[in-house]
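Close look at the chain arrangement
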Amino acid sequence: MLKYFFRRLLSFIPKILIITILIFIGLEFVPGDPISYLIPPEQMAFMTEETIANMRENLGLNDPAYIRYFKWLGNILKGDMGYSLINGVKISDIIWTRLPATIELTALGFAVATILGLLFGFISALKRNTPIDYSLTALGMVGVSIPEFFFGLSAIVVFGLTFRWLPPGGRMTPGQPGFFQRIPYLVMPVLVIGISYTATLMRYTRGSMLDTMNKDYVKAARSKGLSETRVNLVHSFRNAIIPVMIIIVNRIPILIAGTVVIESVFNYPGMGKLILESISGSDMPVVMIATFFIALAVLIASFLVDLLSALLDPRIRFGKM
Amino acid sequence: MEKDYILQVKNLETRFKIGKKTVHAVNDVSFNLRRGTTLGVVGESGCGKSVTALSIMQLLPKAAHIEGGQVLYTPSPEQTLNLTDFKRNSKELRSIRGKDIAMIFQDSLSSLDPVYSIGWQIMENLRMHEKLSKKEAKEKIIRMLGELGIPSPEDRFKSYPFEFSGGMKQRVMIAIGMICNPNILIADEPTTALDVTIQAQILALIKQMQQEHGTSVILITHNMGIVAEICDEVAVMYMGRVVEFGSLLQIFENPHHPYTKALLKSVPVLGMGKDTELESIEGTTPDASTVFKGCEFEPRCPFAMKKCTEEHPMVCEIEEGHEVRCWLYEEKCKDDRR
Amino acid sequence: MKKLVTVLFLCSVLLIPNLFAGGAAEAGAVKAAEDFSETGTLNVLWYAAGGTSGSFECVYRDYQSQVPDLLYDTLIKLDMEDTSKIVPRMADRWEVSADGLVYTFYIRENLNWTDGKPVTADDVVFSLEAQLRGYGIQNERGSFQFIKGAQEYFDKTANSISGVKAEGKKLTITLTQPYGFMMRTLATFVPYPRHLFPADVDYTKFGSYDYWKAPVHCGPYVLESVTFPDYCVLVRNDSWYGPRPGIKRVTGISFDAGGTDAAVAAMIAGRLDLAHSNAFNDVNIASNVVKQNPDYAYNAFFSPYYRLFTTNLTGSADGKWNKFMANADFRKAINLAIDKEAFASYFPGQAVALSTAVNPGDPLYDKSIPLFKRDVEAAKALLKKAGYDGSPIRIAYYYNDQMHNDLMDLTVQNLAEIGIPAESRVVIQDIYAAIYEQKNWDICYAGANQLSGVENYGVVNPGTIYDVYLGNEAVREELFGKYLKEVSATSDPARLKELAILLQQNSLNYGSPIPVISMNKMMIYNDAKWDFDPAWLKASDLAIYRTCDLRLETWKLNKK
């Protein structure tokens, strides 16, 4: 187990390096001169060539790409993430205001979607070929096939604007930053961000459950005189979630990437929205760091779920696989 | 006489609903299990012997249901329970499962839950039915594992199924079955998945357990050799019906039903002459959903008569405890039990 | 037991919203009798233009919301109904020398920063230095170059601005030439406390100092709490010297770039009471809000910003410059051929097609000049007069969106109608090199501030884009320069108007620049909840944009 843990941990380093290189290359191809975003069109008139040249030099925009990459990487390792091109604020400051919001959203979204997905899949399998199963399957199809931002916008229109039960966006009411006070703001984004995840998980859980419910060990468990609840939960479900864990790991990046759209739809000030804002402002340093953090979050989350599935499956835990 | 039977299966009917089709998996099956003896249920694959076994404890899949008949369980002379009266997974039935009647399945490889240690799985059965402290339970389990010939049982207690060989797993299965000291052990093809030397060991173990604990055993198998080795009584099944039922001697020395005769000729038996050739049964087993007006074996039967196609044969008791379901012995019937 | 747990759980889930609702209703009932301005909250937009709000750095760089204006104070403000009238603020008195070169301000005796330290003239000096050497682009910088020694300080050939002197509460600013917009400039200029920045402050990283996370200020409101990037809460500064603001509590709700839709949703849901920002500079957005929430109203302010085609009169690096650009008739033909109404139609009720750089709603507009009308025949006649030979022109444009792509296609068509083959391309990559060095274009679509005649006619900043389109210096001096010198020096409104008219006529005759549309700005506000001095709605954009006294004492909240 420990060996497994460290092997997985070591594989982080090349992954992170590759991610940084990919991010950097990708951003090199983004059209737009960052300097042009520093100056609103109305104020172009004040700029002299000299000023612009100075700005360019100060911001290090004249170096070749690979030098800028290594400079950037070196600074990150030193803990200096640089400054936003748009407003000169320390990127670390921006990240620390945004990261908790996204962690909260994705962690809650992940938890809710996982619980709902497993629960619905479980129920669907137990009640297979009944109206409950059919309606859950139909809902699942809808959840997988319609993009989340559509659900987000619909939810805003219905619950935020028409009935006004929930705030249509944002993260908190001014002056009420407590977690429980923020719950109304979290309801819609948390539910919406996990819709397709829930649906996918539900379908896989249902299939996996149907598979394990026919397994001999479930019959054997039943022959011990165990209650149906125990047979279904402790034996069928417990085995059914092992293959589902792979789906969970694979879907985490999609869930986290969903924050870019969902946070923008709900004006939820997290990392996803930060990335979108910075891209539109051509604020390359911020985009790079934010993407880097998102990638890191994906890696860590996948790693944690990997560990969890190892704990669930003794065959991995004891190095058989 | 009746009280001597610990389990009586009477006219059991089990049906499968697959889509719109109904499959008559078990038809009018009756047999008796004498206290402390071993009953062999033999037949080809798909003849309904496993479904019969599962019907006893109602461990049938959801698509199957018991349509008629009785399963009378007599744990003590004063008490007789009809298990078919209980709802599937009812509390009453569950208290009998694992405690009074235990079951060992064909494929030990897939019958153990891969995610729990074997100790845990045995413990689950034990603590379900007996109020024991964890420590006491563990001691009892380790003793049982030792009895079953599992080396260093204390260490193996925490091992997972994937760390065991096939034979060892089947021993664990027997441990699960026997840990509550059940009255009846139903072993469904317990040795099919194992190689021959291990087969003998497992059979010996079952025999040993039976002798030590006085358990009555129903052994389901397609292997006449195994039947000859450990059974006291035999029920031969074909297409969901018991075609012949009798003591080991009656069946082997004096088989009556053409199917039993053919079956015995098709398998090697100890003491068989060197020159005797094994014969195969002509034709193939019909599809399970086929509905017959007459005898199911008629299409393959060398002695088939006109009557066989028209009417189901009745059961004839041709001698004490020896029953045959065949028109050939109509006139020999001691009493009509149709 | 299991059932009990389930029931309890369900009950608690059902109760949660009730708890919140119940609490709110009770609190509302108790406070109903009180003055809502004292208990309620005005929610204003707190917009981080073009970036992300991680600090109050936006105060320094550029801001478009009321939040910084409520927290910070300026030396003086202008009166919103008569901008020639000056309202005392941090400085309670001032003197301007007869030659208009020396300004002396006396900062209020008891004026303190919110950390208790007194506000001194030196803080203003510090802020001027930051403005001149800072990394950001400031409206004020151009104006501050009239201050003696500002250029040397900017060029780093001097360590201080020689024209600025601080003695305790007394501040003296000496100019190199009279400048009529000085007071207006100072009305927007926000001083910061020097003592909260390190002695060796690096102005190129001015926005990254920790100061901006919890800024100390001296305005009519104080910062009660802030959570980046969500909101800030401002409470009336009871020790402020000015008239007592009517509303006790104002919150700024943060919307970043791209948060327009979210802010619109917040307004429809009644959670945002005032939005005034470039992001809402679209009448369609405003009317949508009002349609969906009738509590709201919007007002289109006159705005000094306008869109124009600048003209390249000096040739391009690649030699493909169209020589006819030097011909005024050719330029005037282009002016008449462009369908400016089509440009304006994208902003119904908000944009006006222009014939001069000045908005027809502006008192400075030359009423003798007819409103713009497209005239293909007249354009053709002008081309003939210019002896045009059919050589193509190239259009560059700055705004990269579908609307502008369409408008530029339309312009190409318009020009083709009068026989000028044209091509258009968006300039994203390094627009400044494209405009200053290569100049591989003939006309360029951009934006400018008409309000600053100085900016508009390019006298103050040699080397800027206006150098390019105004051609050689002699022409510039003759047509614009001498008037502009007077514009920047005079503060007499009548003379200013005369000069503005002269400049408009000369520009029209010269055919450069080519004005297209002026854009009014939108203010969307919760009319049912918020009251303010109605002069606001009559006053120009200036009232909101930092220059004028907002008359906070007239602000009131009505309970809905």
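Every chain is numbered on its own, with residues counted from 1 as its sequence reads. Chains and ligands are labelled by the order in which they are written, letters from A for the one and numbers from 1 for the other. For this predicted model, a pLDDT threshold of at least 70 governs which residues receive local features, and a threshold of 80 or more governs which side-chain atom pairs are given and counted, while totals over whole chains, interfaces and linings are taken from all residues. Where side-chain values are given, they derive from all heavy atoms of the structure, hydrogens and water being excluded.

Side note on the overall build of chain C
Counting from the N terminus, the helices are the DSSP runs of H or I reaching at least four residues and the strands are the DSSP runs of E reaching at least two. Within chain C one finds 20 helices and 21 strands. Residues classed as buried in chain C amount to 58% of the 560 residues present. Throughout, a residue-residue contact means that at least one pair of heavy atoms, one from each residue, lies within 4.5 Å. A separation threshold of at least 6 residues defines the contact pool for chain C, and within that pool the share at least 24 residues apart is 71%. Methods summary: accessible areas were calculated by the Shrake-Rupley approach with a probe of 1.4 Å, and residue burial reflects only the protein chains presented. Roughly 21,800 Å² of accessible area belongs to chain C as shown, and the carbon and sulfur atoms make up 55% of that amount. Note on classification: 1.4 Å probe, protein chains only; a residue is buried when its accessible area is under 20% of the maximum for its type, exposed when over 50%, partly exposed between these limits.

Points about the overall build of chain A
Helix and strand counts for chain A come out as 14 helices and zero strands. Going residue by residue from the N terminus, the α and β elements of chain A occur as α-α-α-α-α-α-α-α-α-α-α-α-α-α. Relative to its 321 residues, chain A shows a buried fraction of 55%. Taking the intrachain contacts of chain A between residues at least 6 apart in sequence as the baseline, contacts between residues at least 24 apart amount to 73%. Carbon together with sulfur atoms contributes 72% to the accessible area of chain A, which is approximately 14,100 Å² in total.

Structural notes on the packing of aromatic side chains
Under the pairing criterion, centres of Phe, Tyr and Trp rings, with the six-membered ring standing for Trp, must be within 6.5 Å; the plane angle then separates stacked pairs below 30 degrees from edge-to-face pairs above 60, leaving the rest tilted. According to the stated counting rule, one finds 45 aromatic pairs over all chains in the structure shown. Judged by centre distance (5.7 Å) and plane angle (70°), the rings of Phe56(C) and Phe228(C) are edge-to-face. Of the two residues, Phe56(C) sits in the loop between strand E1 (41-48) and helix H3 (58-61) while Phe228(C) sits in the loop between strand E8 (221-227) and strand E9 (231-236), which places them 172 residues apart along the sequence. Phe228(C) carries the same exposure label as Phe56(C), and that label is buried. Cluster of aromatic residues (ring-pair linked, three or more members): Tyr72(C), Phe126(C), Tyr192(C), Phe197(C), Tyr203(C), Phe206(C), Tyr209(C), Tyr211(C) and Trp212(C). A cation over an aromatic ring shows up here: Arg156(B) above the ring of Phe164(B), its NZ or CZ 4.2 Å from the ring centre. Both a distance and an angle decide whether a charge sits over a ring: NZ of Lys or CZ of Arg must be within 6 Å of the ring centre and within 35 degrees of the ring normal. One Lys or Arg, Lys307(B), reaches over the ring of Trp327(B) and ends 4.0 Å from the middle of that ring.

Quick word on the pattern of salt bridges
Salt bridge, as used here, is a side-chain nitrogen of Lys or Arg placed within 4 Å of a carboxyl oxygen of Asp or Glu. With the rule as written, the count across this model stands at 41 salt bridges over all chains. For Arg34(B), the salt bridge goes to Asp4(B), with nearest N and O atoms at 4.0 Å. Remark: Asp4(B) occurs in the segment before strand E1 (5-18) and Arg34(B) occurs in strand E2 (residues 21-34); sequence separation between them is 30 residues. Residue Glu38(C) pairs with Arg236(C) through a salt bridge whose shortest N-O separation is 3.0 Å. Here Glu38(C) is found in helix H2 (residues 36-39), whereas its partner Arg236(C) is found in strand E9, with 198 residues between them in sequence. Through salt bridges that share partners, Glu104(A), Arg171(A), Arg182(A) and Asp230(C) make up one connected network.

Quick word on the packing of helix H5 (residues 91-126) of chain A against helix H13 (residues 284-312) of chain A
Residues and elements named next belong to chain A. Remark: H5 packs on H13, axes separated minimally by 11 Å, with the N-to-C direction vectors making an angle of 35°. Regarding H5 and H13, the two cross each other, and that crossing is right-handed. Of the residues in H13, those touching H5 at Ile 91, Ile 94, Ile 95, Trp 96, Leu 99 and Phe 110 are Pro 285, Val 286, Ile 289, Ala 290, Phe 293 and Val 305. The residue classification treats Ala, Val, Leu, Ile, Met, Phe, Trp, Tyr, Cys and Pro as nonpolar and Asp, Glu, Lys and Arg as charged. All others, Gly included, are polar. Split by residue class, the contact of H5 with H13 holds twelve nonpolar, no polar and no charged. Geometry is summarised by axes, namely lines fitted to C-alpha atoms with helices restricted to the contacting stretch, and by angles between N-to-C directions that run from 0 to 180 degrees. Here a crossing is called left-handed whenever its near helix is offset anticlockwise from the far helix by less than a right angle, and right-handed whenever the offset is clockwise.

Here we look at the sheet that holds strand E4 (residues 91-96) of chain C
Residues and elements named next belong to chain C. Two strands form a pair only when DSSP identifies at least two bridges running between them. Pairing is antiparallel in the open sheet, where four strands are placed in the order E4-E5-E7-E6. Among the strands making up the open sheet, the edge pair consists of E4 and strand E6 (164-167). Between one strand axis and the next, the sheet turns through 15° on average, direction left out of account. Inspection of the sheet shows E6 paired to strand E7 (residues 170-174) by four bridges, in the antiparallel sense. Within E7, the position partnered with Lys 165 by the bridge is Thr 172. Across the sheet, helix H5 (residues 121-133) lies against strand E5 (102-107), E6 and E7, angled at about 155° from E6, the strand it touches most.

Structural notes on the confidence of the model for chain A
Residues and elements named next belong to chain A. Within chain A, residue pLDDT values average 84, and 89% of them lie at 70 or more. Residue-level confidence of the predictor is what pLDDT reports, using numbers from 0 through 100. When pLDDT is averaged over each element of chain A, helix H9 (residues 195-213) comes out on top at 93 and helix H3 (residues 49-59) at the bottom at 69. Low pLDDT (under 50) marks residues 40-45, which in the prediction has 24 contacts with non-local residues, meaning those over four places away or in another chain.

A word on helix H6 (residues 131-145) of chain A
All names here are of chain A. Multiplying 1.5 Å by the helix residue count minus one yields the expected span of that helix. A rise of 1.5 Å per residue sets the reference length of H6, with its 15 residues, at 21 Å; its end C-alpha atoms lie 21 Å apart and thus fit the reference within 8%. Among the residues making up H6, those that are buried are Asp 133, Leu 136, Gly 140 and Gly 143. Taken around the axis of H6, the buried residues stretch over an arc of 85°, which confines them to a single face. Seen from the open side of H6, the exposed residues pointing more than 90 degrees away from its buried face are Pro 131, Tyr 134 and Ser 145. Each element contacted by the buried residues of H6 is listed here: H5, helix H7 (148-162) and H9. What the arc describes is the spread of directions from the helix axis to the C-beta atoms.

A few points about the sheet that holds strand E12 (residues 322-325) of chain B
Residues and elements named next belong to chain B. Here we have eight strands laid out as an open sheet, ordered E6-E7-E8-E3-E9-E10-E12-E11, and mixed in their pairing. Pairing within the sheet leaves two strands with one partner each, and these edge strands are strand E6 (101-104) and strand E11 (315-319). Averaged over all adjacent pairs, the angle separating strand axes in this sheet is 20°, with direction ignored. Looking at chain direction, strand E3 (residues 38-42) and strand E9 (residues 233-238) are connected through four bridges and run parallel. Its bridge partner lying in E9, Gly 40 is registered against Val 234.

Structural notes on unusual backbone geometry
Along the chain, Phe228(C) connects to Pro229(C) via a cis peptide bond; the corresponding omega equals -5°. Mapping Pro229(C) onto the fold places it in the loop between E8 and E9. Residues other than glycine seldom take positive phi values, yet Glu189(B) does so here, at roughly 50°. Take Glu189(B): it is sitting in the loop between strand E7 (184-188) and helix H8 (196-213). On the accessibility criterion, Glu189(B) (6% relative accessible area) is buried.

As for the interface of chain A and chain B
Taken together, the contact pairs 25 residues of chain A with 29 residues of chain B. The term buried area means the drop in 1.4 Å probe accessible area that two parts suffer when joined, counted for both and summed. Between chain A and chain B the total buried area reaches about 2,300 Å² when both faces are included, carbon and sulfur atoms providing 59% of it. Counting the surface chain A buries against chain B, the share from its top three residues, Lys219(A), Ser223(A) and Lys224(A), is 25%. In this structure, the connection of chain A to chain B is made through two salt bridges. A salt bridge links Lys224(A) to Glu124(B); its shortest N-O distance comes to 2.9 Å. N or O atoms closer than or at 3.5 Å make up a polar contact, with two conditions inside protein: a donor-capable atom paired with an acceptor-capable one, and, for residues adjacent in sequence, both atoms drawn from side chains. There are 13 residue pairs in polar contact (both at pLDDT 80 or more) connecting chain A and chain B. Elements that contribute at least two residues to the side of chain A that touches chain B include exactly helix H10 (216-223), helix H11 (228-265) and helix H14 (314-317) of chain A. Counting residues per element, the side of chain A that touches chain B draws most heavily on H11(A), at seven residues. By residue class, the composition of the side of chain A that touches chain B is nine nonpolar, five polar and eleven charged.

Quick look at the pairing of E7(C)
Residues and elements named next belong to chain C. Pairing of E5 with E7 involves five bridges; the strand directions are antiparallel. Within E7, the position partnered with Tyr 106 by the bridge is Lys 170. Linkage of E6 to E7, two consecutive antiparallel strands, is achieved through a turn of two residues, within which Gly 168 is found at a positive phi near 60°.

Concerning the side chain of Asp113(B)
Among the structural elements, Asp113(B) can be located in the loop between helix H3 (108-111) and helix H4 (118-129). Contact partners of Asp113(B), with chain neighbours within four places excluded, come to Tyr217(A), Val234(A), His235(A), Asn239(A), Gln121(B) and Pro161(B).

A short note on empty space enclosed by the protein
Only protein atoms enter the 1 Å grid used here. Points where a 1.4 Å probe fits but cannot escape make up a cavity, open sets with protein on both sides within 12 Å along at least five of seven lines make up a pocket, and a residue lines them when an atom lies within 4 Å of a point. Grid points are joined across faces, edges and corners, and a volume is the space filled by probe spheres set on the points. Scanning the entire structure with this criterion turns up eight cavities of 30 Å³ or more. For the largest cavity, the calculated volume is near 110 Å³. Ala220(A), Ser223(A), Lys224(A), Met173(B) and Ile176(B) are, among the 18 residues lining the largest cavity, the residues nearest its centre. For the lining of the largest cavity, the elements supplying multiple residues, two or more each, are H10 of chain A together with E6, H4 and helix H7 (166-178) of chain B. Among the elements that line the lining of the largest cavity, the one with the most residues is H10(A), at four residues. Its residues placed into classes, the lining of the largest cavity shows nine nonpolar, seven polar and two charged. Computed from the structure, the second largest cavity encloses a volume of approximately 90 Å³. Looking at the second largest cavity, it is lined by 15 residues, and the ones nearest its centre are Ser355(C), Ser507(C), Leu508(C), Pro513(C) and Pro515(C). Elements that contribute at least two residues to the lining of the second largest cavity include exactly helix H11 (328-337), helix H19 (493-510) and strand E18 (514-519) of chain C. Here the lining of the second largest cavity takes three residues from H19(C), the largest share from any one element.

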